[in-house]
Amino acid sequence: MSGAELGRRLRERDLSAAPAALNLVEARRPGGPEEVAALLREVSPGALGGDAPAHVVGITGPPGVGKSSLLSELVAAWRCAGRTVAVLAVDPTSRRSGGALLGDRARIAVDPADRGVFIRSTAAGDTLGGLAASTRAAAQALAAAFDVVVIETVGVGQSETDVADAADTVAVVVQPGSGDVLQFLKAGIMEIPDVLVVTKADLGNIAESAVRDLRSALTALDAREVEVVAVSSIPPPRGIDELVAALDGHRAATDVAARRLHARRRHALADFAAEHGERGLRALGGRREAERLLDSLDPRLDVPSLRAALEENAAR
Amino acid sequence: MSEHRLPERDRPWLMRTYAGHSTARASNELYRRNLAKGQTGLSVAFDLPTQTGYDCDHELARGEVGKVGVAISHKGDMHALLDGIPLDEMNTSMTINATAPWLLALYVAVAEENGIDGSKLSGTTQNDILKEYLSRGTYAFPPGPSMRLIADVVAYTVEHVPRWNPINVCSYHLQEAGATPVQEIAYAMANAMAVLDAVRERVDESLMPTVFGRISFFVNAGVRFVEEHAKLRAMSLLWDELGRERYDVEDPKLRRFRYGVQVNSLGLTEAQPENNVQRIVLEALAVTLGRSARARAIQLPAWNEALGLPRPWDQQWSLRIQQVLAFETDLLEYPDVFEGSKVMDGLVEELVTGAREEMTRVAERGGAVEAVGYMKSELVSSHRERVRRIEDGDLTVVGINRFTETEPSPLTADAEGGILVVDPDVEAEQIAALERWRAERDEDAVRAALDELRRVARSESENIMPASIAAAHAGVTTGEWAQALRDAFGDYRAPTGVGEAVAGATSEELESLREEVDRVSDALGRRLKVLVGKPGLDGHSNGAEQIAVRGRDVGMEVVYEGIRLTPSQIAASALQEGVHVIGLSILSGSHRELIPSVIAQLREAGVDAPVVIGGIIPEADAAALREAGVAAVYTPKDFDLNRIMRDIVGLVAQHHGLAAAA
Ligand code: B12
Ligand SMILES: Nc1nc2c(ncn2[C@@H]2O[C@H](COP(=O)(O)OP(=O)(O)OP(=O)(O)O)[C@@H](O)[C@H]2O)c(=O)[nH]1
Ligand SMILES: [Mg+2]
């Protein structure tokens, strides 16, 4: 099926188009980029007549903190509320072999007969920041069809920056009793996330003190508005409704259209730079000039169109 | 009195045969025949639905009812199973874990209804959950509640069934999942500590020495029988030390390391299966040779272990091995034959040192419960090393990677290929019987018993046993008991260990495979992606894990979700993940029902990717499965994983019309 057709189906909120759309978006086959561009054009703000409806949520944090287990509970809560959910779970790729073991979906319990949930695992590939090359495009495509699109990535320090480009709301997940996220925050190595989540609240005291430490760090960083939520994903689950509310609250308080527009322009520039290097940028009169050019373009354009516009200008 | 002879020949160990299949009645007949042949204790094998707490009409029970053990759905089945067996004289070992409190409750209830008090019963419930997470796979509840259930059984029996062994801390299954001797020792000790610490919270401190004395072990013995014997001496030493130092047990008798054995089965081969008899005999020596670390109870696998389920005659052969060892040889006439042996002492020292180091690593992670993820990935890594050594010929397995020339074996010449085939009608019969049972019981009593059970489960401080025994009397079923607890405790999936498993040493063959995977991936446009799935209740994960890890190591993207998935879950994953090929693994014998069902669901979901399968698939079934759409069938004799990988890449290439490798 063609990219345009898949994009049309997603735009009409046909969830069964998701697997094939992802196969296409992940493909690096010759002719792939054009098909992907066609797909994305169909789900661009221009084609949709506004921003894609989904809430795109990034869930990121160190390995094994309980991101997927938490997602299991979140997905259940969203489904209960009648919201459809797509999960993009990104796992690291083995440097040695290029292969990957994708295990997140094992922890996300769903009813296989429920057509309102879609889970896709991807390997990060050789990209830094834990985000697969195709993940941004995948999130954009799925955001047209699903009510919630979640991106799970592994890491601290870089991954939340990367995922912030693809998501409306980024939740960083923290393991109680391990100070790495706290240190990263304090040292400014890590950008302040939209929501902080402390997992394994069932472990008791250490979870409570983690919440306290994070709150005081946020106060020191003058970011008191960032919510810190403690959750437990093993039965009986705890804090899930609060987290859902915190995520929704963040989105309600955000100018999503502006955030996405900004992200789309950044992606287009990043894609252009990756392809054409410093020479390409010079042809546009430097990075600043390129940004200015992007800002002057139609805000409803999708990433491939923006990138095409850059290329056109560079060739001129 | 001479120092090198015993004044009197020792009494032999308990001789058992791990047995049970189909219905309670059929298994009862089997037990009586086995006892008549000189077996001295019972060892009950339950089917997987009973072990995981599902009634035989549950979706997940399909193809598994009465297959690898006996189906026990309620006290009526337990009555039939034990019919005519004097419970006050019998020593009954039950391989039961997640549902151990329930099967013990049924046993006690049946004894009571036969006028026998709990104080007269002796036997064992395996009741060890950590090794279920690590290897065996029949867990049902999350770690916290599971440890509590174990502790409840211990606390209850210490008081009310004092001759019962409430738990067998198992290292057997760890070796079957690839553990080295050091890992086997260390993880078993760490596990025992976790259990004792959980019990300590539920019994009076003054009872702890008695509790310590009731803990027994279930260990393995591999074919390296000298070192394996040393392992048992090392375990005795460490156990004694733990008792003294950590639990203040003063009476040395209570600190004695008591253990039962099933000897190694992982090393028993499909090729030239008669060689397995030699292996079994040597392994039996490992646990009997030295008197100071001799097993209390032994059960031996049969020559056809890697082919399928043993028939009564196959099991008899193994029982006779024990009898020859105990009654014909002079083994039982001497004191410990290794006393003063430099070799033995040196080996023990080596193992104790290694085990202490590994125990420290587990302790650093917060103890055995917290370290399940760590231990699991260590086991997967060890097993991977074992597989590699066999592939590379560093570890000789006669008939597999050396001396493979063979005459045809007369042992497998019959129509069934020398194994027991369980009548597929058993499932329907058992379901019908269950429906009758439900129709005839007092529903109000059942409801009340289940309400009480749920209340106790949620109470945390109360012991689960009295409410379980009451439920048994009321006619509650296995699935209902477990569901009540699932309602209270929630479900759980154990870690798979594959993600963390370190990449193995690289080789020319691996490199060349990676190039091939890269080439095909480029042509496909996406990296070759495979789903490794385990349908049904089967917990044998070794094969799937090794396939998954090797798949990653040759450059594939591998989706692996662990054990116990329904066909519809597998189909949904395959569709959503966009995989190029699906690999299914079944060892429990339910392939005839489950594989066609997975394929049907895949095709219905619109997934046309090729399906390959592996596991214990008798040749007689392979043809029918190919007919049903399976592209390739692998069994234990296909030990070369790289070859399997090459086949899979080729299959995907072919399916997409790509050129085969040069
Ligand atoms: C190890 C083992 C165990 C371990 C499993 C540990 C683990 N985590 O895997 C333990 C001790 C826990 C165990 C328990 C039981 N076991 Co067991 N076990 C074995 C044993 C000895 C070896 C299996 C093994 O791991 N081999 C090593 C791996 C690497 O080989 P493999 O899985 O065969 O995989 C190879 C191929 O088959 C193929 N392959 C396999 N899967 C896949 C998948 C794909 C995609 C591909 C391409 C290839 C492929 O490639 C692999 C490479 O060589 C076999 C007998 C035997 N010697 O084969 C019995 C055996 C499988 N067990 C058996 C039974 C009955 C049980 C129990 C159910 C007993 C009971 N009543 O409780 C329990 C419960 C387990 C459960 N929850 O389901 C029976 C099954 C009978 C049947 N099919 O009719 C067997 C055959 C023994 C017997 N003769 O009775 N067992
Ligand atoms: N006690 C407790 N354990 C939890 C909780 N959430 C997750 N875990 C455990 O933590 C481990 C890791 O959980 P995952 O959900 O796989 O964590 P993850 O962050 O997705 O891991 P990666 O994707 O591998 O980075 C598992 O063993 C879970 O059972 C929790 O709330 N409480
Ligand atoms: Mg995860």
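Quick caveat, the model's predicted, so the values are computed rather than measured. (Residues numbered from 1 in each chain as written. Chains lettered and ligands numbered in written order. Predicted model: local features only at pLDDT ≥ 70, side-chain atom pairs only at ≥ 80, totals over all residues. Heavy atoms only, no water.)

It is worth spelling out the site of ligand 2 at this point. All names here are of chain A. Surveying the vicinity of ligand 2 reveals 16 residues, the closest of which are Ser 68, Ser 69, Asp 104, Asp 202 and Ser 233. One nitrogen or oxygen atom from the side chain of Glu 152 is found 3.2 Å from an oxygen atom belonging to ligand 2. Going through the elements one at a time, helix 5 (67–80) and strand 5 (148–154) are the ones with two or more residues in the shell around ligand 2. For the shell around ligand 2, the leading source of residues is helix 5, giving three residues. Class assignment for the residues of the shell around ligand 2 results in four nonpolar, six polar and six charged. (Near = heavy atom within 4 Å. Polar contact = N/O pair within 3.5 Å; in protein donor to acceptor, adjacent residues only side chain to side chain. Helix = DSSP H or I, 4+ residues; strand = E, 2+ residues; numbered from the N terminus. Nonpolar A, V, L, I, M, F, W, Y, C, P; charged D, E, K, R; others polar.)

Of all protein atoms, His540(B) (NE2) alone acts as a donor to the cobalt atom of ligand 1, lying 2.1 Å away. Note that His540(B) resides in the loop between strand 11 (529–533) and helix 20 (542–553). (Donors = N, O, S within 2.8 Å, 3.2 Å for Na, K, Ca; no water.)

This part takes up the coordination of the magnesium ion (ligand 3). Residue and element names in this part refer to chain A. Every protein donor of the magnesium ion (ligand 3) is listed here as Ser 68 (OG), Asp 104 (OD) and Glu 152 (OE), and their distances to the metal cover 2.0 to 2.2 Å. Donor residues for the magnesium ion (ligand 3), ordered by position in the chain, follow S-x35-D-x47-E. Of this pair, Asp 104 sits in the loop between strand 3 (100–102) and strand 4 (117–123) while Glu 152 is found in strand 5, placing the two residues 48 residues apart along the sequence. Note on accessibility: Asp 104 and Glu 152 belong to one class, buried. (Buried < 20%, exposed > 50% of the residue type's maximum accessible area, 1.4 Å probe, protein only.)

Residues and elements named next belong to chain B. With 12 residues, helix 18 (residues 478–489) should reach 16 Å at 1.5 Å per residue; the first-to-last C-alpha distance of 16 Å fits that figure. Buried within helix 18 we find Thr 478, Gly 479, Glu 480, Trp 481, Ala 482, Ala 484, Leu 485, Arg 486 and Phe 489. Of the surrounding secondary structure, the elements contacted by the buried residues of helix 18 are helix 2 (48–52), helix 4 (100–113), helix 6 (143–160), helix 15 (425–440), helix 16 (443–459) and helix 17 (464–474). One or two positions beyond helix 18, positive phi appears at Gly 490, with a value near 85 degrees. (Expected span 1.5 Å × (residues − 1). Contact = heavy atoms within 4.5 Å.)

In this section: the domain arrangement of chain B. Residue and element names in this part refer to chain B. Each assigned domain of chain B is listed here: domain 1 (14–404) and domain 2 (508–655). Between the C-alpha centres of domain 1 and domain 2 the distance comes to 32 Å. With 33 residues of domain 1 at the contact, the number on the domain 2 side is 31 residues. Summing the contributions of domain 1 and of domain 2, the shared interface buries around 2500 Å²; its carbon and sulfur component is 52%. (Domains from an automatic or database assignment. Buried area = accessible area lost by both parts, 1.4 Å probe.)

Let's shift gears to the environment of Glu26(A). Relative to the elements of secondary structure, Glu26(A) occurs in helix 2 (residues 18–26). Judged by its relative accessible area of 12%, Glu26(A) is buried. On a C-alpha basis, the gap between Glu26(A) and Thr135(A) in space is 8.2 Å, while along the polypeptide they are 109 residues apart. Ignoring sequence-local partners within four residues, the contact set of Glu26(A) consists of Arg120(A), Thr122(A), Ser134(A), Gly525(B) and Arg526(B).

This part covers the sheet that holds strand 6 (residues 164–165) of chain B. Residues and elements named next belong to chain B. The strand order across the open sheet formed by five strands is 2-3-4-5-6, and the pairing between neighbours is parallel. Strands at the two margins of the open sheet, each flanked by one partner only, are strand 2 (18–19) and strand 6. Sheet topology places strand 3 (residues 42–44) next to strand 4 (residues 91–94); three bridges connect them, and they run parallel. Across the sheet, Ser 43 pairs through a bridge with Ser 93, a residue of strand 4. Contacting strand 4, strand 5 (122–125) and strand 6, helix 4 runs over the sheet at an angle of about 150 degrees to strand 4. (Pairing = 2+ DSSP bridges. Axes fitted to C-alpha atoms, helices over the stretch in contact; angles between N-to-C directions.)

Time to look at the pairing of strand 12 (residues 557–560) of chain B. Across the two faces of strand 12 of chain B the burial is the same, with Glu557(B) and Val559(B) and Val558(B) and Tyr560(B) all buried. Relative to strand 12 of chain B, strand 3 of chain A runs parallel, the two sharing three bridges. Within strand 12 of chain B, the position partnered with Leu101(A) by the bridge is Val558(B). As defined by bridge partners, strand 11 of chain B adjoins strand 12 of chain B across four bridges and the pair is classed as parallel. Each residue of the ladder has a partner; that of Lys529(B), found in strand 12 of chain B, is Glu557(B). With helix 20 of chain B bridging strand 11 of chain B and its parallel neighbour strand 12 of chain B, the resulting β-α-β unit is right-handed. (Right-handed = clockwise from strand over helix to strand, strands pointing away.)

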